[in-house]
Amino acid sequence: AFFNVSDTVTRANWKAFVEESSINTNLPGIQGTGFSLIVPGDKLQQHIQKIRKEGFTEYTIKPEGKRETYTSIVFLEPFTGRNLRAFGYDMFSEPVRREAMELARDLNVAALSGKVMLVQETGTDVQAGNIMYVPVYRKGEETNTIEQRRHAITGWVYSPYRLDDLMSGILEGLELQGNKKIYLHIFDGPECTPQSMLFKTHAPEEQKASENIRFSIQIPVDFNGQRWTLVFTQRTENIFIDYISVWTVFFGGILISLLLFFL
């Protein structure tokens, strides 16, 4: 919407827009909000020189290599810390990201990527990542068909999520992370494997203990073109059921039913 009502969006405009939106306050755990621009191959050098004239003398699109079409993260706020590593990254060059970007472009929807390693990761406190994309089309162009959308696309507004940070913000106040009786695992896709795990509420040293499971339930969640599988488990040693109350309700119900029947 911001792009659609603006003749030109500058770096300063984007910074002010994101800061005034108070995204970190209202949606804690989001790594940032950015814009990835499509750069045709024949305009690559022109684009690089334009950004370098803005003061970023080392700017280039990465990874290197000759491609027909490039994309580049030109805006990302907050533009500090880990996010600086993403500046100039071509997300369209990576298959998992590209699949979500193409889905968003073709259907004009917000699309979530599969599990990825964000370029913001530094090697310490590494977390699983996902990215949400929303397409941006040229103002005034028709976008009624897939062909029209592919022709009109100029880039994507996107948000990268580090899953531990994101889920900590979502679960804050629900006491699930501090709960030693119930554990939550989130997996990317229908397969619950270590490779597809996005998030867990317990520390790695508790993994072995958490496998001593008495109750477990899997809940598939489909949204924005992606499926997550939520697995809730309860350990045997942490289970407590008031069986006296259960049997009282069971036999009391039978007795009352019989009395009503004879009555």
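Let me begin by describing the structure that accompanies this report. As the structure is a computational prediction, the values presented were derived from the model and not from experiment.

1. Considerations on the nonpolar core
Here's step 1: Core analysis: the largest hydrophobic core is formed by 32 residues, its most contacted members being Y59, Y161, L163, I186 and W228.
Here's step 2: For Y161, the residues in contact, after removing those within four places along its chain, are I30, L112, L118, A128, G129, N130, M132 and L166.
Here's step 3: I73, M101, I153 and W156 belong to the second-largest nonpolar core, a separate cluster that totals 19 residues.

2. Remarks on the packing of aromatic side chains
Here's step 1: One pass over the structure, following the stated rule, counts 18 aromatic pairs.
Here's step 2: Measuring from centroid to centroid gives 5.6 Å for W14 and F17, while their planes differ by 45°, and the two rings are tilted. Of this pair, W14 and F17 both sit in helix α1 (residues 11-21), separated by three residues, roughly a single helical turn.
Here's step 3: Residue classification places W14 among the buried residues on the basis of a relative accessible area of 2%.
Here's step 4: A residue is classified by how much of its surface remains accessible, and F17, at 32% relative accessible area, is partly exposed.
Here's step 5: Following the ring pairs from residue to residue traces out a cluster consisting of F2, F3, W14, F17, F35 and F75.

3. Looking at the environment of F2
Here's step 1: Within the secondary structure, F2 sits in the segment before α1.
Here's step 2: Once the C-alpha coordinates of F2 and N13 are considered, the two residues, eleven residues apart in sequence, prove to be 9.7 Å apart.
Here's step 3: Excluding its chain neighbours within four sequence positions, the residues that come into contact with F2 are V9, N13, W14 and F17.

Parameters and conventions
- Residues numbered from 1 in each chain as written.
- Predicted model: local features only at pLDDT ≥ 70, side-chain atom pairs only at ≥ 80, totals over all residues.
- Heavy atoms only, no water.
- Core = buried A, V, L, I, M, F, W, Y, C linked by side-chain atoms within 4.5 Å.
- Buried < 20%, exposed > 50% of the residue type's maximum accessible area, 1.4 Å probe, protein only.
- Contact = heavy atoms within 4.5 Å.
- Phe/Tyr/Trp six-rings, centres within 6.5 Å; stacked < 30°, edge-to-face > 60°.
- Helix = DSSP H or I, 4+ residues; strand = E, 2+ residues; numbered from the N terminus.

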